[in-house]
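Next come the chains, spelled out residue by residue.
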Amino acid sequence: MPGPGMELIGEEEKLAVLEVLDAGYLFRYGSPDDPAFKAKVYQLEQEVAALMGVHYAVAVNSGTTALLVALGGLGIGPGDEVIVPGYTFIASMSSIIYARAIPILAEVDTTLNLDPADVRTRITPRTKAIMAVHMLGNPARLDELKAIADAHGLLLVEDCAQAFGASYKGRPVGSIGHAGTYSFNIFKTITAGDGGMVVTDEEPAYRRFFGFHDQGHSPLRTGVEVGRRPFVGLDFRMTELTAAVLLAQLHKLDTIVSHLRANKRRFKAAIAGLPGLEFREITDPDGECATLLTVFLPTAQIARQIANELHTRVVADSGWHVYSNMEQLLEKRTLTPEGCPFTCPHYEGGEISYSRGMLPQTDDLLARAINISIGVSDPGLGSAFGVRMQDGPDEVDARAEEFIAVASKYLS
Ligand SMILES: Cc1ncc(COP(=O)(O)O)c(C=O)c1O
């Protein structure tokens, strides 16, 4: 089972989908007077906005389009640079590229999220935004990143794809930056197979997000449109079926997160005594999703040996989420041959190059890191070893003992 929400797909999701199918109306817009129109997408937007403590949410069809809507909607475009961590999913970078801006890669620190000290060194006159990605369910150092953004007049975009349900110092992730985005793909806290959401507290941004996601229309397509659409948009709309599943999943969020936190606490306590073993730094232990437990070993070699014996991989080798494994980015393989945005005449930063080894601190940390699943088994994250969402204390203890038996051969 890939993610925690997926394990809990059951009667509630089935009933919600059947309600929509029985009524026979699948489109997100409809008349309030039509009994067939269940307004599931609208309800989901309202519930997510309330959960995040913001005024506005726009449902979209993926976490990737949520990012694109956020970036474009905030006015990020040709000539702009966006600082993004080298440890994230390619969507963080591809959304910047399709917004026609330039991703500037930065180091992660022991949180495995953006290193604020490194971010400072990457700021140029062209920097428009910082994209804080909350990797593996754990919030980035938002206080520091927000202070940097504010001091330099930059936008802060939170990519919360992997952290739906997490909070930072009492505030839900996604509500602290100018925009926050979520993904509901199969590996995420809650899922409908695919889906996404973008949230903001600012009305002008909401109007632009809404227009971008639906052909330039005003929110909910209200009012007379012809002659008044502010820009050309696209179609990233969510269907009623997806929203029906997500509403059922959303109502399980508290159960999911509290179960994951209990399992993670137990696993962590069981392996904590191993000599030389360190844990990933968690910025807010009360606020993390607890989907994964990441450990650092003293050397890359020891980490690799332990990972091999556990039939998993160190994070550096895990695949999709490490910049050095993103050949399409490293080689700037754009969809069309002229190479835009890297060759865009609006961009005044000269030649951009990405290469393996360009983020030595990130490389060192990821080579020594192993992701243990607490509820997410994702080959792209290298979390093949661990427990599943629904496992209880016995399975946690058994897996922790297995980890200790292997790791203690290499640690002293
Ligand atoms: C950090 C991060 N950002 C963005 C995305 C994109 O989400 P989606 O797969 O829904 O497009 C993902 C998905 O895995 C992700 O992990």
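## Brief notes about the pairing of strand β2 (residues 81-85)
Okay, so step 1: A large share of β2 lies buried, amounting to five of its five residues.
Okay, so step 2: Both faces of β2 are covered, namely the face carrying Glu 81, Ile 83 and Pro 85 and the face carrying Val 82 and Val 84.
Okay, so step 3: With respect to chirality, the unit in which β2 leads through helix α5 (residues 90-98) into the neighbouring parallel strand β3 (residues 102-106) is right-handed.

## Things to note about empty space enclosed by the protein
Okay, so step 1: Using the criterion set out here, one finds one cavity of 30 Å³ or more in the structure.
Okay, so step 2: Reported here for the largest cavity is a volume of approximately 80 Å³.
Okay, so step 3: Around the largest cavity, the lining residues are Leu 136, Gly 137, Ala 161, Gln 162, Phe 187, Lys 188, Thr 189, Thr 291, Leu 292, Val 376, Asp 378 and Leu 381.
Okay, so step 4: Across the lining of the largest cavity, the residue classes tally to six nonpolar, four polar and two charged.

## Some words on the environment of Glu 12
Okay, so step 1: Along the chain, Glu 12 turns up in helix α2 (residues 11-23).
Okay, so step 2: Residues Glu 12 and Gln 301, 289 residues apart in the sequence, show an inter-C-alpha distance of 46 Å.
Okay, so step 3: For Glu 12, the residues in contact, after removing those within four places along its chain, are Ala 248 and Lys 252.
Okay, so step 4: At 2.9 Å, the side chain of Glu 12 and the side chain of Lys 252 are in polar contact.

## So, the sheet that holds strand β9 (residues 196-200)
Sheet strands pair by backbone hydrogen bonding; their relative direction is either parallel or antiparallel.
Okay, so step 1: The seven strands are arranged β1-β9-β8-β5-β4-β2-β3 in an open sheet whose pairing can be described as mixed. At either end of the open sheet lies a strand with only one pairing partner, and these are β1 (56-60) and β3. The mean angle between the axes of side-by-side strands here comes to 20°, regardless of whether they run parallel or antiparallel.
Okay, so step 2: Sheet topology places β2 next to β3; five bridges connect them, and they run parallel. Bridge pairing in β3 places Val 82 opposite Pro 103.
Okay, so step 3: Docked against the sheet, helix α8 (residues 203-213) engages β1, β8 (179-183) and β9, running at close to 15° with respect to β1.

## Some points on unusual backbone geometry
Across the chain, the bulk of peptide bonds are trans and the bulk of non-glycine residues have phi less than zero.
Okay, so step 1: For the bond from Cys 340 to Pro 341, the omega torsion is 15°, close enough to zero to count as cis.
Okay, so step 2: The phi torsion at Leu 112 lies on the positive side, around 60°, for a residue other than glycine.
Okay, so step 3: In this structure Leu 112 comes out as buried when scored by relative accessible area, which is 0%.

## Topic: the pattern of salt bridges
Okay, so step 1: Counted according to the given criterion, the structure contains 23 salt bridges.
Okay, so step 2: A salt bridge links Arg 126 to Glu 81, with the shortest nitrogen-to-oxygen separation between them at 2.9 Å. Linking Arg 126 in the loop between α6 (116-122) and β4 (127-133) with Glu 81 in strand β2, this pair joins segments that are 45 residues apart in sequence.
Okay, so step 3: Given the relative accessible area of 24%, Arg 126 is considered partly exposed.
Okay, so step 4: The buried category is assigned to Glu 81, whose relative accessible area is 2%.
Okay, so step 5: Across the salt bridge formed by Lys 264 and Glu 288, the nearest N and O atoms sit 2.8 Å from each other.

## Observations regarding the side chain of Arg 280
Okay, so step 1: One can find Arg 280 in the loop between β10 (278-279) and β11 (292-296).
Okay, so step 2: Side-chain polar atoms of Arg 280 contact the backbone oxygen of Met 135, separated by 2.8 Å.
Okay, so step 3: The contact partners of Arg 280, leaving out residues within four places of it in the chain, are Thr 110, Thr 111, Leu 112, Asn 113, Met 135, Leu 136, Asn 138, Thr 294 and Phe 296.

Reading the values: the criteria
- Residues numbered from 1 in each chain as written.
- Predicted model: local features only at pLDDT ≥ 70, side-chain atom pairs only at ≥ 80, totals over all residues.
- Heavy atoms only, no water.
- Buried < 20%, exposed > 50% of the residue type's maximum accessible area, 1.4 Å probe, protein only.
- Helix = DSSP H or I, 4+ residues; strand = E, 2+ residues; numbered from the N terminus.
- Right-handed = clockwise from strand over helix to strand, strands pointing away.
- 1 Å grid on protein atoms, 1.4 Å probe; cavity = no way out; pocket = protein on both sides within 12 Å on 5 of 7 lines; lining within 4 Å.
- Points joined across faces, edges and corners; volume = space filled by probe spheres on them.
- Nonpolar A, V, L, I, M, F, W, Y, C, P; charged D, E, K, R; others polar.
- Contact = heavy atoms within 4.5 Å.
- Polar contact = N/O pair within 3.5 Å; in protein donor to acceptor, adjacent residues only side chain to side chain.
- Pairing = 2+ DSSP bridges.
- Axes fitted to C-alpha atoms, helices over the stretch in contact; angles between N-to-C directions.
- Salt bridge = Lys/Arg side-chain N within 4 Å of Asp/Glu carboxyl O.

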